[in-house]
Amino acid sequence: MWKSISAAAPDSIFGLTEAFKQDSNPNKVNLGAGVYKDNRGVTPILDCVKEAERRLLDEEQTKSYLPISGDPLYTSCVQQLLFGEGSEVISSSRAVTAHAPGGTGALRIGGELIQKFNPGATMWISFPTWANHNGIFGAARFNLKSYPYYNSDTKGLNYDELIATLKQVPAGDVVLLHGCCHNPTGVDLNKEQWSEVAALASERGWIGFLDFAYQGFGDSVDGDRISVEAFAATGADFFVASSFSKNFGLYNERTGAITVVSPSGQEAAVAKSHLDLTVRVCYSNPPAHGGLIVKTVLSDPDLEQNWRRQLEQMCKRIISMRSALVEGLASRGVDGDFSYIKEQRGMFSFSGLSDETVAWLKANKGIYVVGGGRINVAGLTTGNIDYVCDSIAEALKS
């Protein structure tokens, strides 16, 4: 059946990682793959995760199926992270959550659920965005449109055009928003801007869908939920896709969640029934191990505090590497002001490097950067920062 079918193009980011692995340059640096790395260049297993796994090994009694929506304590812990202690959303039972296989699975399940009842909806996606967003929602049969997000001249948020576009989005359409630490730009909305966007969704009748993959990598676990709080305050329908790949380091466990928020507990119960049916026909019920780790950590006060401390250290390391990159380029006398990199948040940065510079760095220095100049700041270490800065300076002067 494949004789007359051409091979599909490789995924841009995973393809870059494969090229990196085959590169023989001893100084090679991978700034493309979207995974956290410590100062040794290793994606670590958190201490709290190791302890949770030890407890699971000692205490686990069965490998039977989880419920369709996952372990109830896991979904409760997810909601506590999303909405905070004492949230009205939780006390009013306005939110329902299902354990999904990673953030990607959460996005797809949310998309499938919306398509079930609003098949003509358009999904509005920021330009630029994570490359897989278009693939996920295109496969879920959405019409796709984009809204302006990044201003390449100011290296900041293109807020006026963003708002002007969102004011034209029809009722019933869906707007995908990065809850924090925008991928790929690292440029986020502030609290007042989030409130304006959420109010606009309620007024216009479009549905907000927050991709919340990096909670804890911006300001803090609690501080990063301003986007969720803004939408929750309107009392309108919205969706949140969570991921624990980054903030728990559970990349290969594929642990996430999809949360549907409704105006009332009664409507949320209806949403839950259809959410379960959607999960049932896609993968029946979720994989257990990653979710049980998260549940174990978040339901134990000591382990949760350990997790928050480690996450804070990870965030501080990224911030320090942002500063080192900016200062390193400045000290080498490169043209232009790269100080905007310090203002960006999370793992990623729109570095301002052109595609020509990106190609030169790969070919001549073994430094791998995603097309468009997006770098994973967590790929920088005290051991490679000088090499990277020297290489960028040479590329910009060549």
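To start, this report covers the structure provided alongside it. (Residues numbered from 1 in each chain as written. Predicted model: local features only at pLDDT ≥ 70, side-chain atom pairs only at ≥ 80, totals over all residues. Heavy atoms only, no water.)

### Section: the overall build of the protein chain
Logical step 1: Scanning the protein chain from N- to C-terminus turns up 15 helices and 13 strands.
Logical step 2: Its C-alpha atoms give the protein chain a radius of gyration of 21 Å, near enough to 21 Å, the size a compact globule of 398 residues would have.
Logical step 3: Its C-alpha atoms give the protein chain principal-axis dimensions of roughly 65 × 55 × 55 Å.
Logical step 4: Of all 398 residues assigned to the protein chain, the portion counted as buried reaches 54%. (Helix = DSSP H or I, 4+ residues; strand = E, 2+ residues; numbered from the N terminus. Rg over C-alpha atoms; globule rule 2.2 N^0.38 Å. Buried < 20%, exposed > 50% of the residue type's maximum accessible area, 1.4 Å probe, protein only.)

### A few points about the environment of Asp211
Logical step 1: Structurally, the position occupied by Asp211 is in strand E8 (residues 207-212).
Logical step 2: Residue Asp211 is classed as buried on the basis of its relative accessible area, which comes to 11%.
Logical step 3: For the pair Asp211 and Arg322, spaced 111 residues apart in the sequence, the C-alpha separation amounts to 24 Å.
Logical step 4: With residues near it in sequence (within four places) discarded, Asp211 still touches Leu107, Trp130, His133, Leu176, Leu177, His178, Gly179 and Ala241.
Logical step 5: In terms of polar contacts, Asp211 uses its side chain to reach the side chain of His133, at 2.7 Å. (Contact = heavy atoms within 4.5 Å. Polar contact = N/O pair within 3.5 Å; in protein donor to acceptor, adjacent residues only side chain to side chain.)

### Structural notes on the layout of surface pockets
Logical step 1: Of the volumes computed, that of the largest pocket is approximately 810 Å³.
Logical step 2: As for the largest pocket, its lining consists of 32 residues, of which Phe14, Gly34, Val35, Trp130 and Lys246 are closest to the centre.
Logical step 3: Taken together, the elements giving at least two residues each to the lining of the largest pocket come down to helix H1 (12-22), helix H5 (102-117) and helix H6 (131-139).
Logical step 4: With 7 residues, H1 is the single largest residue contributor to the lining of the largest pocket.
Logical step 5: Split by residue class, the lining of the largest pocket holds 13 nonpolar, 11 polar and 8 charged.
Logical step 6: Residue lining of the second largest pocket: 14 residues in total, with Phe117, Asp237, Phe239, Val260 and Ala271 positioned closest to the centre. (1 Å grid on protein atoms, 1.4 Å probe; cavity = no way out; pocket = protein on both sides within 12 Å on 5 of 7 lines; lining within 4 Å. Points joined across faces, edges and corners; volume = space filled by probe spheres on them. Nonpolar A, V, L, I, M, F, W, Y, C, P; charged D, E, K, R; others polar.)

### Description of empty space enclosed by the protein
Logical step 1: The final tally for this structure, using the stated rule, is 3 cavities of 30 Å³ or more.
Logical step 2: Lining the largest cavity are 13 residues; nearest its centre among them are Leu325, Ser351, Leu353, Ile375 and Ile392.
Logical step 3: Taken together, the elements giving at least two residues each to the lining of the largest cavity come down to helix H12 (301-331) and helix H15 (385-397).
Logical step 4: Of the residues in the lining of the largest cavity, the class split is 12 nonpolar, 1 polar and no charged.
Logical step 5: Of the volumes computed, that of the second largest cavity is approximately 50 Å³.

### Observations concerning the packing of aromatic side chains
Logical step 1: The final tally for this structure, using the stated rule, is 12 aromatic pairs.
Logical step 2: Judged by centre distance (5.6 Å) and plane angle (85°), the ring pair of Phe20 and Tyr368 falls under edge-to-face. Of the two residues, Phe20 sits in helix H1 while Tyr368 sits in strand E12 (residues 367-368), which places them 348 residues apart along the sequence.
Logical step 3: A residue is classified by how much of its surface remains accessible, and Phe20, at 16% relative accessible area, is buried.
Logical step 4: Tyr368 gets classed as buried once you look at its relative accessible area, which sits at 4%.
Logical step 5: Geometrically, the ring pair formed by Phe248 and Trp307 is stacked, given 4.6 Å between the ring centres and 20° between the ring planes. With Phe248 in the loop between strand E9 (238-243) and strand E10 (255-261) and Trp307 in helix H12, this pair connects stretches of sequence that are 59 residues apart. (Phe/Tyr/Trp six-rings, centres within 6.5 Å; stacked < 30°, edge-to-face > 60°.)

### Things to note about the side chain of Ser69
Logical step 1: Along the chain, Ser69 falls in the loop between helix H2 (47-59) and helix H3 (72-83).
Logical step 2: A relative accessible area of 11% means that Ser69 is categorised as buried.

### Points about the environment of Gly352
Logical step 1: Here Gly352 shows up in the loop between strand E11 (348-350) and helix H14 (355-365).
Logical step 2: We classify Gly352 as partly exposed; its relative accessible area is 47%.
Logical step 3: Distance in space between the C-alpha atoms of Gly352 and Cys315 is 22 Å, their sequence separation being 37 residues.
Logical step 4: With near-sequence residues (within four places) excluded, Gly352 lies in contact with Lys155 and Tyr340.

### Some points on the pattern of salt bridges
Logical step 1: Scanning the entire structure with this criterion turns up 22 salt bridges.
Logical step 2: Lys316 is paired through a salt bridge with Glu312; the nearest N and O atoms lie 3.5 Å apart. Remark: Glu312 and Lys316 occur in helix H12; sequence separation between them is 4 residues, near one turn of the helix.
Logical step 3: The exposed category is assigned to Lys316, whose relative accessible area is 51%.
Logical step 4: A residue is classified by how much of its surface remains accessible, and Glu312, at 45% relative accessible area, is partly exposed.
Logical step 5: Ionic pairing is found between Glu394 and Lys365, a salt bridge with its closest N-O pair at 3.0 Å. Pair noted here: Glu394 is in helix H15 and Lys365 is in helix H14, with a separation of 29 residues, a long-range link. (Salt bridge = Lys/Arg side-chain N within 4 Å of Asp/Glu carboxyl O.)

### Description of the nonpolar core
Logical step 1: Counting 92 residues, the largest nonpolar core has Val197, Phe231 and Trp307 as the members making the most contacts within it.
Logical step 2: In terms of residue count, the dominant contributor to this core is H12 (9 residues).
Logical step 3: Ignoring any residue separated from it by four or fewer positions in sequence, one finds Trp307 in contact with Leu46, Cys48, Leu81, Val221, Asn247, Phe248, Val297 and Leu298.
Logical step 4: Grouped together as the second largest cluster of nonpolar side chains are 27 residues, Ala98, Ile136, Ala140 and Val174 included. (Core = buried A, V, L, I, M, F, W, Y, C linked by side-chain atoms within 4.5 Å.)

### Here we look at the sheet that holds strand E2 (residues 95-101)
Logical step 1: The sheet built from 7 strands is open, its strands ordered E2-E10-E9-E8-E7-E3-E4 with mixed pairing. Because the sheet does not close on itself, it has two edges, and the strands there are E2 and strand E4 (143-148). Each adjacent strand pair in this sheet contributes to an overall mean axis angle of 25°, direction not counted.
Logical step 2: Each of strand E3 (122-127), E4, strand E7 (174-178) and E8 is contacted by H6, which is oriented at about 175° to E3, the strand it contacts most.
Logical step 3: Along the sheet, helix H10 (residues 265-282) makes contact with E2 and E10, crossing E2 at roughly 15°. (Pairing = 2+ DSSP bridges. Axes fitted to C-alpha atoms, helices over the stretch in contact; angles between N-to-C directions.)

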